[in-house]
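# Architecture and fold: a report
Residue strings, one per chain:
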Amino acid sequence: MNFLEERILRDGVVKEGNVLKVDSFLNHQMDVKLFDQMGEEYAKRFAGKPINKILTIEASGIGIASVVALHFGVPVVFAKKSKSINLDGEMYTAEVESFTHKTINHVIVSKKFLGPDDHVLIIDDFLANGCALQGLIQIVQAAGGTVEGIGIAIEKGFQAGGRMIRNLGYQLESLAIVEGMDASTGEIHFREQS
Ligand code: 5GP
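Note that residues are indexed from 1 along each chain, following the sequence as it is written. Since the coordinates come from a predicted model, pLDDT governs what is reported: local features require at least 70, and pairs of side-chain atoms require 80 or more to be given and counted, while whole-chain, interface and lining totals use all residues. Side-chain calculation: all heavy atoms of the structure are included, whereas hydrogens and water are not.

### So, the overall build of the protein chain
Helix and strand definitions follow DSSP, with helices as H or I runs of at least four residues and strands as E runs of at least two, each counted in order from the N terminus. Secondary structure summary: the protein chain contains five helices and 10 strands in total. Against the compact-globule benchmark of 16 Å for 194 residues, the protein chain has a radius of gyration of 16 Å, which places it among compact chains. Overall, the C-alpha framework of the protein chain stretches about 50 × 35 × 30 Å when taken along its three principal axes. Per-residue burial for the protein chain yields a buried fraction of 47% across its 194 residues. Residues are treated as being in contact if the distance between any of their heavy atoms lies within 4.5 Å. Expressed as a percentage of contacts within the protein chain between residues at least 6 apart in sequence, the contacts between residues at least 24 apart total 59%. In these tables, accessible area is a Shrake-Rupley quantity obtained with a 1.4 Å probe, and a residue counts as shielded only by the protein chains included in the view. Summing over all exposed atoms, the protein chain offers an accessible surface of approximately 9600 Å²; the carbon and sulfur share of this is 49%. None of His or the chain ends enter the tally, which takes Lys and Arg as positive and Asp and Glu as negative. Think of each charge as sitting on NZ of Lys, CZ of Arg, CG of Asp or CD of Glu. Here the protein chain holds 19 positive side-chain charges and 25 negative ones, and the gap between their average locations is 3 Å. Our radius of gyration looks at C-alpha atoms and nothing else; its globule reference is 2.2 Å times the residue count to the power 0.38. Note on exposure labels: buried denotes an accessible area under 20% of the residue type's maximum, exposed denotes more than 50%, and partly exposed covers the range between, all computed with a 1.4 Å probe on protein chains only.

As structure tokens, this is what we get:
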């Protein structure tokens, strides 16, 4: 069991509706030492890739991506969520359905900060159905950049996103993959990873 799986077992809380709450260390209160360990691990898993930018999505991805970026020595760009679409041509936009809030957001990135020369590592806290990732991939593609890889903290392996993203051919590295969880007992099972 790796450091993140151990932490999830210790401090994660299983909620009804297939929601795993990890707000005591990942996405509300943030354990930046843990993020640092995550950055070290991603640096190993994506070694040799010409990554020159990290892309994430507000809000939960920003803290993780910022610490991870120190291990790559590159800037972080975060996609902003916006209720209105900016049509002035200065932004790349994509539609993202929120798993937790069941709403549709437009996510936007300024054309100033992403372009054809960018080799992007996408970072996010969770992967469930993959809507957030699809939006971010779409934005990199619109910019003419290259997705070099995707680093996720917690993948919910029983939802469709992971399979869909791997089938598209991306190197997807999830530090913990939850295979199943039970809100009544609080049990969490992880996929074995080599
Ligand atoms: P997806 O777009 O892959 O369906 O969902 C990814 C987004 O939904 C993540 O950025 C994360 O914020 C949120 N999310 C999905 N599942 C969970 C969960 O079980 N717990 C928490 N805290 N957030 C989740």
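What follows picks up the thread again.
### Points about the side chain of S110
Tracing the chain through its elements places S110 in strand β6 (residues 104-110). Non-local contacts of S110, meaning those with residues more than four positions away in its chain, are made with E90, M91 and Y92.

### Some remarks on the packing of aromatic side chains
Only Phe, Tyr and Trp rings take part, Trp by its six-membered ring, and two of them pair if their centres are within 6.5 Å. Stacked means planes under 30 degrees apart, edge-to-face means over 60, and tilted covers everything else. One pass over the structure, following the stated rule, counts one aromatic pair. Look at Y42 and F46: their rings are 6.4 Å apart centre to centre, the planes differ by 35°, and that puts the pair in the tilted class. Residue class for F46 comes out buried when judged on its relative accessible area of 1%.

### Here we look at the pairing of strand β7 (residues 119-127)
Across the nine residues of β7, eight count as buried, placing the element largely inside the fold. Should DSSP find at least two bridges between two strands, the strands are taken to pair. Summarising the sheet, strand β3 (residues 53-57) and β7 pair through three bridges and their orientation is parallel. Paired with L55 across the strands is I122, a residue of β7. For the crossover from β7 across helix α4 (residues 131-143) to strand β8 (residues 146-156), the handedness is right-handed. The path from the first strand over the helix to the second decides the hand: if it runs clockwise while the strands point away from the viewer, the crossover is right-handed.

### Examining the site of the ligand
Any residue with a heavy atom lying within 4 Å of a molecule or strand is counted as near it. Taken together, 16 residues lie around the ligand, and L20, A128, N129, G130 and K156 are the ones closest in. Pairs of N or O atoms are called polar contacts if they sit within 3.5 Å, as long as, within protein, a hydrogen donor faces a hydrogen acceptor (for residues adjacent in sequence, only side-chain-to-side-chain pairs). One of the backbone N or O atoms of A128 is found 2.8 Å from an oxygen atom in the ligand. In this structure, A132 approaches the ligand through a main-chain N or O atom, which is 2.8 Å from an oxygen atom. Relative to its free-state accessible area of 500 Å², the ligand is covered by the protein chains to the extent of 89%. The rule is simple: put a 1 Å grid over the protein atoms alone, call a set of points where a 1.4 Å probe fits but cannot get out a cavity, call an open set with protein on both sides within 12 Å along at least five of seven lines a pocket, and count a residue as lining if it has an atom within 4 Å of a point. In this description, a molecule resides in a pocket or cavity if more than half of its atoms sit within 2 Å of the grid points defining it. Assessed atom by atom at 2 Å from the grid points, the ligand resides in the largest pocket.

### A look at the sheet that holds β7
Ordered in space as β5-β6-β4-β3-β7-β8-β9-β10, the eight strands form an open sheet in which the pairing is mixed. The sheet is open, and its two edges are formed by β5 (91-97) and β10 (188-190), each paired on a single side. The average undirected angle you get between the axes of adjacent strands in this sheet is 30°. In terms of strand pairing, strand β9 (residues 172-181) meets β10 through three bridges, oriented antiparallel. Looking across to β10, one finds that M181 is bridged to I188. Across the sheet, helix α1 (residues 3-11) touches β8, β9 and β10, and the angle it forms with β9 is around 35°. Each axis is a line fitted through C-alpha atoms, and for a helix only the stretch in contact is used; angles between axes span 0 to 180 degrees, taken between their N-to-C directions. Across the face of the sheet, helix α3 (residues 60-72) comes into contact with β3, β4 (76-82) and β7 while running at roughly 170° to β3.

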